[in-house]
Amino acid sequence: MMEYIPLNFPFLAAALLVGISFYILIFKRNLIKLIMGIGMLASGVNLFLVALGYRAGGNAPIYTDVPEGPMVLPVPQALTLTSIVINVAVLALMLTMVILIYRHTGDIDSKKSRILKG
Amino acid sequence: MLSKIVRTVANQLILFILIFGLYIIAHGHLTPGGGFQGGAVIVSGVVMLLVAFSSKELKKSLHERTLSIMESSGALIFIGLAFAGIGIAFFYNFLVGTPIFGRIPATGPGPGDIWTGGFIPLMNLAVGLKVVAGLSAVVLAMALFSSGEEIE
Amino acid sequence: MRQVIGLTVLIVVIAFLVSGMLPFIHPFGYPPSDMDDYIIENAQEETGSNNVVASVVFDYRGFDTLGEATILFTAVTGVLLLLRTVKRKEESS
């Protein structure tokens, strides 16, 4: 098992990003830190998707003036494109809601903004 | 509103950013890029204008009605091209072989021809319109809300 | 106390994810690729474009791009709906 560590290093980096973002989402209370944690989770998943489709010594999968050699797999790159656009849309909606919460309650602690209670 | 030097430089730079973004959108079937990437470049140019001039000045040029028509027409062109080949399949590439965009390139590496690609260049344009209109409307709305105006 | 529980959760989650990455995934650089070999061979004749990634996004998997355009439209509509300021008339009832 020790020979997998220098080879699979991009997968380890993606797992580290996802693990740290789990810690942020469970244990932090500030709303802006939670939004940053969700952004970090998105980055970890995108890195994992692109690293799954790498072929050793490959070139970009575009036929215009490409040098000789094998080509990298194109389907994970298409999935990553869709994932990035969806993350931008979700982040825009989250930031809008934080702006409105701050204007109504004056506080961005997630335990103090339960105005539906009581 | 920032100083006069910043406003003059931003007025000159927006032309180059617009041309670079349109180049990335238009050559989406030959080089890396496409609709989403070129749209993001143009939106970054609009954000530069928003920082140099204040949001109240920019609201006089970018009406909400213009952005709404741009985004809806982008979505309608995309759906129209998807339904146009419905005789054989949904999303069938009906322009390959016809003289509009339908040449087939030589197999293997080689320089590209811009009249290839089927309906991919037209879909790149539709998605580029949608991204530019949508994201610049979101950025303008957030800036106007934070400074206390109403959007009407 | 809360910090000790936090550190323990962090170490357990990272150990679980890393132990899944090491032996169960294919070695980095040699992926299994049957569908992608077919797409790389035949994308120039069937779609007619030099960019294989663009032909995958818009032709072979165009339905996913339709869903993504719908999500972008819905998110922009939602943001513009939430950020309207309504003038309140001063009424005494």
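With that out of the way, let us pick up the overall build of chain C. Within chain C one finds four helices and zero strands. Shown N-terminal to C-terminal, the secondary structure of chain C runs as helices and strands in the order α-α-α-α. Each principal axis of the C-alpha distribution contributes one length, and for chain C these read about 75 × 55 × 15 Å. Residues counted as buried form 41% of the 93 residues belonging to chain C. For chain C, the accessible area works out to roughly 5800 Å², and carbon and sulfur atoms hold 65% of it. Each charge sign in chain C was given a centre, from 6 positive and 11 negative side chains, and these centres are 31 Å apart.

It is worth spelling out the pattern of salt bridges at this point. What the rule picks out here adds up to five salt bridges over all chains. Residues A:Arg55 and C:Asp37 are paired through a salt bridge, measuring 3.1 Å at the closest nitrogen-oxygen approach. Of this pair, A:Arg55 sits in the loop between α3 (31–52) and α4 (75–105) while C:Asp37 sits in helix α2 (residues 35–46), each in a different chain. A:Arg55 gets classed as buried once you look at its relative accessible area, which sits at 17%. Here C:Asp37 falls in the partly exposed class, since its relative accessible area comes to 35%.

Here we come to the interface of chain A and chain B. At the junction of the two partners, chain A supplies 14 residues and chain B supplies 15 residues. Counting the surface lost from both chain A and chain B, the interface buries some 1100 Å², and carbon and sulfur atoms represent 71% of this. Taken together, chain A and chain B are joined by zero salt bridges. Here chain A and chain B share three residue pairs in polar contact (both at pLDDT 80 or more) between them. For the side of chain A that touches chain B, the residue count by class is ten nonpolar, two polar and two charged.

Moving on: the packing of helix α2 (residues 9–27) of chain A against helix α1 (residues 2–24) of chain C. Running from N to C, α2(A) and α1(C) cross one another at 150°; their axes reach a closest spacing of 9 Å. One way to sum up the angle between α2(A) and α1(C) is to call them roughly antiparallel. α2(A) and α1(C) meet at a crossing whose hand is right-handed. From α2(A), A:Phe11, A:Leu12, A:Ala15, A:Leu16, A:Val18, A:Gly19, A:Ile20, A:Phe22, A:Tyr23 and A:Phe27 reach across to α1(C), where they touch C:Arg2, C:Ile5, C:Gly6, C:Val9, C:Leu10, C:Val13, C:Ile14, C:Leu17, C:Val18, C:Met21 and C:Leu22.

Right, let's get into the packing of aromatic side chains. Enumeration over the complete set of coordinates arrives at ten aromatic pairs over all chains. Here A:Phe11 and C:Phe28 contribute two aromatic rings whose centre-to-centre distance is 5.9 Å and whose plane-to-plane angle is 85°, an arrangement assigned as edge-to-face. Placement of A:Phe11 in helix α2 and of C:Phe28 in the loop between α1 and α2 is noted, with the two residues assigned to different chains. Judged by its relative accessible area of 22%, C:Phe28 falls in the partly exposed class. Their ring planes at 20° and their centres at 5.3 Å tell us that A:Tyr54 and C:Phe28 sit as a pair that is stacked. Here C:Phe28 lies in the loop between α1 and α2 and A:Tyr54 lies in the loop between α3 and α4, a pairing that spans two chains. With a relative accessible area of 33%, A:Tyr54 lands in the partly exposed category. Chaining the aromatic ring pairs together yields one cluster made of B:Phe78, B:Phe83, B:Phe90, B:Phe91 and C:Phe63. Note that A:Arg103 overlies the ring of B:Phe145, its terminal NZ or CZ placed 4.5 Å from the centroid.

As a further point, take the side chain of B:Glu71. Within the secondary structure, B:Glu71 sits in helix α4 (residues 64–83). At 4.2 Å, B:Lys130 is the nearest oppositely charged side chain to B:Glu71, a buried residue that forms no salt bridge. Excluding its chain neighbours within four sequence positions, the residues that come into contact with B:Glu71 are B:Lys130, B:Ala133, B:Gly134, C:Phe73 and C:Val76.

What follows deals with unusual backbone geometry. Phi at A:Asp65 is positive, roughly 55°, even though this residue is not glycine. Relative to the helices and strands, A:Asp65 is located in the loop between α3 and α4. For B:Phe91, which is not a glycine, the phi torsion comes out positive at approximately 60°. On the secondary structure map, B:Phe91 appears in the loop between α4 and α5 (120–147).

Calculation rules
Residues numbered from 1 in each chain as written. Chains lettered and ligands numbered in written order. Predicted model: local features only at pLDDT ≥ 70, side-chain atom pairs only at ≥ 80, totals over all residues. Heavy atoms only, no water. Helix = DSSP H or I, 4+ residues; strand = E, 2+ residues; numbered from the N terminus. Buried < 20%, exposed > 50% of the residue type's maximum accessible area, 1.4 Å probe, protein only. Areas by Shrake-Rupley, 256 points an atom, 1.4 Å probe, with all protein chains shown as cover. Lys, Arg positive; Asp, Glu negative; His and termini not counted. Charge placed at Lys NZ, Arg CZ, Asp CG, Glu CD. Salt bridge = Lys/Arg side-chain N within 4 Å of Asp/Glu carboxyl O. Contact = heavy atoms within 4.5 Å. Buried area = accessible area lost by both parts, 1.4 Å probe. Polar contact = N/O pair within 3.5 Å; in protein donor to acceptor, adjacent residues only side chain to side chain. Nonpolar A, V, L, I, M, F, W, Y, C, P; charged D, E, K, R; others polar. Axes fitted to C-alpha atoms, helices over the stretch in contact; angles between N-to-C directions. Parallel < 35°, antiparallel > 145°, perpendicular 65-115°, else oblique. Left-handed = near helix turned anticlockwise from the far one by under 90°. Phe/Tyr/Trp six-rings, centres within 6.5 Å; stacked < 30°, edge-to-face > 60°. Lys NZ or Arg CZ within 6 Å of the ring centre and 35° of its normal.

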